[in-house]
Amino acid sequence: QVTCDQCEETFSNQRNWDQHLLSEKHIRNGPYYDDVPKYKCACNFYQARRDNYLRHLQRCLFRIDFVYVCVCGEPTQDKAAHENHINLCGRRRRGRG
């Protein structure tokens, strides 16, 4: 078992712990919240976890093509192209924490 000193939660395995480290709850409690790379939707929704961000994109009703940003820093104006980029992107910009 692993316990998060910052959030005081306990995790039964490494995978759950790794996901927690990218959760909004953990990141918001940390000293480097603004430095953590996040995906950005055109509706101004930010998310550090890829799976949660992709789920948001599927449900987001904001249909105006604006600027979406991947954690690697790649901006995209088209939502479909942005989803495709995220699915193919293997690069991650390093953040603190």
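Please read these numbers as outputs of a predicted model, since none were measured by experiment. (Residues numbered from 1 in each chain as written. Predicted model: local features only at pLDDT ≥ 70, side-chain atom pairs only at ≥ 80, totals over all residues. Heavy atoms only, no water.)

Chemist: Looking at this structure, how should I read unusual backbone geometry?
Modeler: Trans is the common state for peptide bonds, and a negative phi is the common state for residues other than glycine. The residue N44 is not glycine, and still its phi comes out positive at about 70°. On the secondary structure map, N44 appears in the loop between β3 (39–40) and β4 (46–47). Taking the relative accessible area as the measure of exposure, N44 reaches 52% and is therefore exposed. (Helix = DSSP H or I, 4+ residues; strand = E, 2+ residues; numbered from the N terminus. Buried < 20%, exposed > 50% of the residue type's maximum accessible area, 1.4 Å probe, protein only.)

Chemist: Got a minute to help me understand the packing of helix α3 (residues 50–59) against helix α4 (residues 79–88) in this structure?
Modeler: Geometry of a packed helix pair, given as the angle between the helix axes and the separation of the axes. Orientation of α3 relative to α4, taken along the N-to-C sense of each, is 160°, at an axis distance of 11 Å. In terms of orientation, α3 and α4 fall into the roughly antiparallel class. Classified by chirality, the crossing of α4 by α3 is left-handed. Where α3 abuts α4, its residues R50, Y53, L54 and L57 lie against K79, H82, E83, I86 and N87. The class makeup of the residues in the contact of α3 with α4 is four nonpolar, two polar and three charged. (Axes fitted to C-alpha atoms, helices over the stretch in contact; angles between N-to-C directions. Parallel < 35°, antiparallel > 145°, perpendicular 65-115°, else oblique. Left-handed = near helix turned anticlockwise from the far one by under 90°. Contact = heavy atoms within 4.5 Å. Nonpolar A, V, L, I, M, F, W, Y, C, P; charged D, E, K, R; others polar.)

Chemist: Explain α4 to me, please; I cannot follow it from the model alone.
Modeler: It helps to recall that an α-helix has 3.6 residues per turn; residues three or four apart then point in one direction. Among all positions of α4, only K79, H82 and I86 are buried. One side of α4 carries all its buried residues, which in axial view fall inside an arc of 55°. Residues of α4 that are exposed and point more than 90 degrees away from the buried face comprise A80 and L88. If you follow the buried residues of α4, they end up packed against β3, α3, β5 (68–69) and β6 (75–76). By the N-cap criterion, in which a side-chain oxygen at the helix start approaches the backbone nitrogen of a residue two or three places on, α4 is capped by D78, the distance to A80 being 3.4 Å. (Arc of directions from axis to C-beta. Polar contact = N/O pair within 3.5 Å; in protein donor to acceptor, adjacent residues only side chain to side chain.)

Chemist: So what exactly am I meant to see when it comes to the side chain of R49 here?
Modeler: Here R49 is to be found in the loop between β4 and α3. By relative accessible area, R49 is classed as buried at 14%.

Chemist: Even after reading the chapter, I still don't get the nonpolar core, so can you show me in this structure?
Modeler: The nonpolar side chains of soluble globular proteins are, as a tendency, buried together. Y39, C41, A42, Y53, L54, L57, C60, Y68, C70, V71, C72 and I86 together form the largest nonpolar core, which totals 12 residues. Examining the composition of this core, we find that three residues originate from one element, α3, more than from any other. (Core = buried A, V, L, I, M, F, W, Y, C linked by side-chain atoms within 4.5 Å.)

Chemist: Please explain the packing of aromatic side chains as it appears in this structure.
Modeler: One pass over the structure, following the stated rule, counts two aromatic pairs. Summarising the aromatic geometry, the rings of Y39 and Y53 are spaced 5.0 Å apart at their centres and angled 10° between planes, so their arrangement reads as stacked. Taken together, the residues Y39 in strand β3 and Y53 in helix α3 connect sequence positions 14 residues apart. Of the residues examined, Y39 reaches a relative accessible area of 3% and is grouped as buried. (Phe/Tyr/Trp six-rings, centres within 6.5 Å; stacked < 30°, edge-to-face > 60°.)

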